[in-house]
Amino acid sequence: MPVTDTRTEPPIGPADDSQRSRVYFFDTTLRDGEQSPGCTMHRGEKLRLAHQIAALGVDILEAGFAIASEGDSESIRLIAREVGSSANAPIIASLARCKREDVEAAARSVEPAARARIHTFLSTSDLHLAAKLQITRAQALDQIAEMVALAKSYRDDVEFSPEDATRTDRDFLIKVCEVAIQAGATTLNLPDTVGYCIPRDYAQMFLDVRARVPGIRGANGEDNIILSAHCHDDLGLAVANTIASVEAGVRQVECAINGIGERAGNASLEELAAIFVTRRDKLPYKHNIVMSKLYPTSQMLAECIAFGAAPNKAIVGANAFAHAAGIHQHGVMVNPLTYEIMTPASVGVPHNSLVLGKHSGRRALEQRYVELGHPLTREQLNAVYTRFTELADRKKTIYDQDLLALLKPEQKVSAIA
Ligand code: MN
């Protein structure tokens with residue numbers, strides 16, 4: 001069926017020297033994330049989030065899986081039109097199996113975008129070929145060649161993913177990558193679909209592919225093809241595996257806000273973004289993420305789906321910048337660097353919270369009273385602190401109204417004096 005040919009956009013690539021150390025962020029919150037339990041969103045929520053994710057500075061926004069439903073393809077089309085039509089918008093991508101109707105649906109849904117990508121995939125591990133697809137390796141290669149070429153007829157920017165790459169026979173994976181490149185793929189994404197890899201092995205796979213697949217390395221020493229990581233967190237290694245792969249030549253990281261995604265989720269976007277900023281001494285890669293939008297984006301996602309980030313979640317969890325132990329509280333008040341490797345403000349958290357509880361010290365209490373507009377003398381503080389510890393033994397968290405209640409006798413004393 002007819003699809004407008006809008007192949008005017010150059011695919012992002014490492015040919016530009018100024019982008020040598022750039023890591024591209026590929027957000028799949030609205031695809032891998034949205035298809036996981038509790039994360040279903042309706043069209044209006046997807047559009048609102050897509051605007052926010054674009055403002056966050058991601059390079060590629062995977063908006064959905066067009067063939068999955070009429071609603072999905074309409075949402076992608078809406079996002080392509082409303083979010084993806086401006087010059088500095090992210091590339092809008094749709095997922096597609098290696099099937100003609102999938103690729104055509106993906107091409108139709110991303111059509112309004114100024115820059116768009118068709119992301120097609122096929123399982124390549126023997127287990128998936130036999131149990132799931134019931135095809136031979138030779139048939140898989142034919143299907144990949146044909147469907148990547150079909151995608152290429154619609155868009156210059158084509159990503160291919162050999163699903164279950166980390167459990168695919170290595171020699172066969174090399175062949176798969178070669179075939180996909182010959183058919184026109186510009187990004188090769190090698191997913192750890194089942195979250196089984198450890199960092200060293202995930203990195204080694206990319207080193208092998210980069211060394212052995214013809215056409216990845218250009219004559220100038222820069223890669224012609226973008227290698228991409230897509231990691232799942234079944235063993236809690238999604239972010240670690242992704243970082244290891246970047247050190248092995250990967251330049252696109254697939255990730256999701258709050259780490260949502262199939263099963264234990266995808267690599268968390270905010271963790272990756274913060275690692276590259278906080279540890280730029282060890283990981284000298286640039287990215288475009290607007291750090292101060294991380295927390296607001298995390299909050300907006302939580303409003304749209306059934307759950308928010310766990311309180312102890314890195315970067316965006318409620319406790320990520322909370323200091324409850326007295327010694328820590330004192331340290332942070334004297335110099336935040338004592339226990340904070342990044343400022344809450346830098347990732348958009350309004351202010352750090354000194355959580356007052358039975359482990360809190362006198363100085364934290366004194367500071368909170370100052371913030372509440374009640375500076376205390378040393379005697380007043382001593383008296384209030386005794387009552388505070390008694391209350392904290394009975395009550396897990398002490399709120400500001402509790403503190404004001406504790407203060408009343410002191411205020412009376414002050415008034416009489
Ligand atoms: Mn996935």
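Residues numbered from 1 in each chain as written. Predicted model: local features only at pLDDT ≥ 70, side-chain atom pairs only at ≥ 80, totals over all residues. Heavy atoms only, no water.

**Student:** Is there a simple way to explain the side chain of D102 in this structure?
**Tutor:** Mapped onto the fold, D102 is located in helix α4 (residues 100-110). What D102 contacts, discounting residues up to four positions off in sequence, is F65, I67, A96 and R97. (Helix = DSSP H or I, 4+ residues; strand = E, 2+ residues; numbered from the N terminus. Contact = heavy atoms within 4.5 Å.)

**Student:** It is not clear to me how the nonpolar core should be interpreted in this structure. Could you clarify?
**Tutor:** Core analysis: the biggest nonpolar cluster contains 102 residues, and F25, L61, I79, F160, L188, V209 and L294 have the highest contact counts within it. Both domain 1 (17-304) and domain 2 (322-406) contribute no fewer than three residues apiece to this core. Core analysis: the next-biggest nonpolar cluster, separate from the first, contains 15 residues, L356, L365, Y385 and I398 among them. (Core = buried A, V, L, I, M, F, W, Y, C linked by side-chain atoms within 4.5 Å. Buried < 20%, exposed > 50% of the residue type's maximum accessible area, 1.4 Å probe, protein only. Domains from an automatic or database assignment.)

**Student:** Would you mind going over the coordination of the manganese ion with me for this structure?
**Tutor:** Geometrically, a metal with four donors at the corners of a regular tetrahedron has ideal angles of 109.5 degrees, and one with six donors at the corners of a regular octahedron has ideal angles of 90 or 180 degrees. Bound to the manganese ion are the protein donor atoms D32 (OD), H230 (NE2) and H232 (NE2), situated 2.0 to 2.3 Å from the metal. In primary sequence terms, the donor set of the manganese ion follows D-x197-H-x1-H. For H230, a relative accessible area of 5% translates into the label buried. A relative accessible area of 4% places H232 in the buried class. (Donors = N, O, S within 2.8 Å, 3.2 Å for Na, K, Ca; no water.)

**Student:** So what exactly am I meant to see when it comes to the domain arrangement of the protein here?
**Tutor:** By convention, interface size is frequently given as the accessible area that disappears when the constituent parts associate. According to the domain assignment, the protein consists of domain 1 (17-304) and domain 2 (322-406). The centre of domain 1, based on its C-alpha atoms, is set 43 Å off from the matching centre of domain 2. Listed per partner, the contact involves seven residues of domain 1 and eight residues of domain 2. For the pair domain 1 and domain 2, the summed buried surface comes to about 480 Å²; carbon and sulfur atoms form 69% of the total. (Buried area = accessible area lost by both parts, 1.4 Å probe.)

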